[in-house]
Protein chains: 2
Amino acid sequence: MTNLWPEQYAGSQQCSVHLPSYISGYVDGEGCFTVSISPRPTLSVGWEVRPGFSVSQNGDRDEVLLVIQEYFGCGTIRPDRSDRTVKWETRSLVPLLERVLPHFQRYPLMSGKQRDVELFGGICFRMARGEHRTMAGLHAIAHDASEMNPSGKRRYRLADIIGAGVEMKA
Amino acid sequence: MTNLWPEQYAGSQQCSVHLPSYISGYVDGEGCFTVSISPRPTLSVGWEVRPGFSVSQNGDRDEVLLVIQEYFGCGTIRPDRSDRTVKWETRSLVPLLERVLPHFQRYPLMSGKQRDVELFGGICFRMARGEHRTMAGLHAIAHDASEMNPSGKRRYRLADIIGAGVEMKA
């Protein structure tokens, strides 16, 4: 990119961005932590739990998403035609546990979104222990997931999941 | 905020966010640099040039905006009911030149939005030299402003401003 800075600024200061902090700042605005819980009759509890962490960039640009993909060493980038953004997303438990969550403990978000990160982290740890494969574990996960992203869309409500569990147990 | 991290993470790493880099990351997602040019018959060139730098936060939360306001030491925070966001904004030339622009030279944005910052910076420096009060300077500023935020809304096009100037000179 051509340097468009006025001459007054030229050479006066060195660039010195701290990448992990920059990424946390970007994620505070554009990141989304979700846990989707969908019916899956072939599973013993009847529901599949899938954690996901995505970051959006407006327009057709993906500069920051490429930096984030390289930094976390996981995830895929794809255009989201529904809202004209590009999204980087990872839904794999191991990189979430080993790379993403330790990052946000060390470089936490400053907004209330950090609470989502912590609920999300707790759910990922429960999944690592296999708790999503028991009815009690599924309900605890569904409860915490229902407290995340209060303004987000939900396909299934907490009552749907717990109600279906009661039916299965009956 | 209650610490919701699983015990495995407790005390394992210290928080160490670098605030200036965090702010640049946040601004890369949620910041907007604008130069509005509006008719003002009482001014000798007939148009008023106003630079503005704003940062949005979704929902009713303003944690990061308060941090940004304190960091730059200027600007005001207000709810924007049109899109259910809260915005911090500064439109004063002196803090833009003395605090905001040096920050983004030292901690530049990683996306193409950095080009907006540099065009914006050039316009602010021209205004500091009074160039917006001459017809040639106004046209140069309007030209650079027309290259910023290509997806943004514009009330007056470059041709409107230059056309009006030609009429005034005639």
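In this text the structure is predicted, and so the values were computed from the model without any measurement.

Participant: Give a detailed account of the relation of the copies chain B and chain A, specifying residues and quantitative values.
Facilitator: Note on the identical chains: chain B maps onto chain A by a rotation of 180 degrees and an axial translation of 0.0 Å, with an RMSD of 0.0 Å. Both copies are brought into coincidence by an operation consistent with a two-fold rotation axis. Comparing contact sets, 100% of the residues at the interface of chain B also lie at the interface in chain A, consistent with an isologous, same-surface contact.

Participant: Can you lay out the sheet that holds strand β3 (residues 76–80) of chain A for me, pointing to particular residues and giving the numbers?
Facilitator: Residue and element names in this part refer to chain A. With antiparallel pairing, the 4 strands of this open sheet are ordered in space as β1-β2-β4-β3. Here the strands that pair on one side only, and so sit at the sheet edges, are β1 (31–39) and β3. Adjacent strand axes in the sheet meet at a mean angle of 35 degrees when their direction is disregarded. Sheet analysis places strand β2 (residues 47–58) next to strand β4 (residues 85–90), joined by 6 bridges and oriented antiparallel. Residue Gln 57 lies in a different strand from β4, and its bridge partner there is Val 86. Against the sheet, helix α1 (residues 19–30) contacts β1 and β2, and its axis sits at roughly 105 degrees relative to β2. Running at roughly 55 degrees to β2, helix α3 (residues 93–106) makes contact with β2 and β4 of the sheet.

Participant: Account for the sheet that holds strand β2 (residues 47–58) of chain B, with residues named and values stated.
Facilitator: Residues and elements named next belong to chain B. In space, the 4 strands of this open sheet follow the order β1-β2-β4-β3, with antiparallel pairing throughout. Of all the strands in the sheet, just β1 (31–39) and β3 (76–80) have a single pairing partner and so form its edges. Neighbouring strand axes in the sheet, compared pairwise and without regard to direction, differ in orientation by 35 degrees on average. Relative to strand β4 (residues 85–90), β3 runs antiparallel, the two being bridged by 5 bridges. Residue Thr 76 lies in a different strand from β4, and its bridge partner there is Glu 89.

Participant: Account for α1(A), naming residues and giving values.
Facilitator: All names here are of chain A. Under the 1.5 Å per step criterion, the end-to-end length of α1 is 16 Å for 12 residues, consistent within 8% with the ideal 16 Å. Counting buried residues in α1 gives 10 out of 12 residues, a clear majority hidden from the surface. Along α1, the positions that sit buried rather than exposed are Ser 21, Tyr 22, Ile 23, Ser 24, Gly 25, Tyr 26, Val 27, Asp 28, Gly 29 and Glu 30.

Participant: I'd like a description of the interface of chain B and chain A, backed by residues and values.
Facilitator: When the parts of a complex come together, some accessible area is lost, and that lost area is often used as the size of the interface. Contact residues are listed per partner, giving 42 residues for chain B and 42 residues for chain A. Ranked by the residues each element gives to the side of chain B that touches chain A, the list is headed by helix α1 (residues 19–30) of chain B, at 9 residues. Within the side of chain B that touches chain A, the residues separate by chemical class into 18 nonpolar, 17 polar and 7 charged.

Participant: Describe the packing of helix α4 (residues 113–128) of chain A against helix α5 (residues 135–146) of chain A, with residues and values.
Facilitator: Residues and elements named next belong to chain A. Packing of α4 against α5 brings their axes to within 9 Å, and their N-to-C directions diverge by 165 degrees. In this view, α4 runs roughly antiparallel relative to α5, as classed from their interaxial angle. The two elements α4 and α5 meet at a crossing, and its hand is left-handed. Of α5, the residues touching α4 (which contributes Leu 119, Gly 122, Ile 123 and Arg 126) are Gly 137, Ala 140, Ile 141, Asp 144 and Ala 145. Of the residues in the contact of α4 with α5, the class split is 5 nonpolar, 2 polar and 2 charged.

Participant: Quick one: what's the story with the packing of α3(A) against α4(A), residue by residue and with numbers?
Facilitator: All names here are of chain A. For the pair α3 and α4, interaxial distance at closest approach is 10 Å and the crossing angle is 145 degrees. By crossing handedness, the relation of α3 to α4 is classed as left-handed. On α4, the residues that touch Leu 93, Leu 96, Leu 97, Leu 101 and Phe 104 of α3 are Val 117, Gly 121, Cys 124, Met 127 and Ala 128.

Participant: Report on the nonpolar core, specifying residues and quantitative values.
Facilitator: One finds A:Ile123, B:Phe120 and B:Ile123 to be the most contacted residues of the largest nonpolar core, which totals 67 residues. When sequence neighbours within four positions are dropped, the list of residues in contact with B:Ile123 reads B:Val35, B:Pro51, B:Ile141, B:Asp144 and B:Ala145.

So, how was this worked out
Residues numbered from 1 in each chain as written. Chains lettered and ligands numbered in written order. Predicted model: local features only at pLDDT ≥ 70, side-chain atom pairs only at ≥ 80, totals over all residues. Least-squares fit on C-alpha atoms with pLDDT ≥ 70 in both. Contact = placed C-beta atoms within 7 Å. Pairing = 2+ DSSP bridges. Helix = DSSP H or I, 4+ residues; strand = E, 2+ residues; numbered from the N terminus. Axes fitted to C-alpha atoms, helices over the stretch in contact; angles between N-to-C directions. Expected span 1.5 Å × (residues − 1). Buried ≥ 20, exposed ≤ 12 C-beta atoms within 10 Å, placed from the backbone. Nonpolar A, V, L, I, M, F, W, Y, C, P; charged D, E, K, R; others polar. Parallel < 35°, antiparallel > 145°, perpendicular 65-115°, else oblique. Left-handed = near helix turned anticlockwise from the far one by under 90°. Core = buried A, V, L, I, M, F, W, Y, C linked by C-beta atoms within 7 Å.

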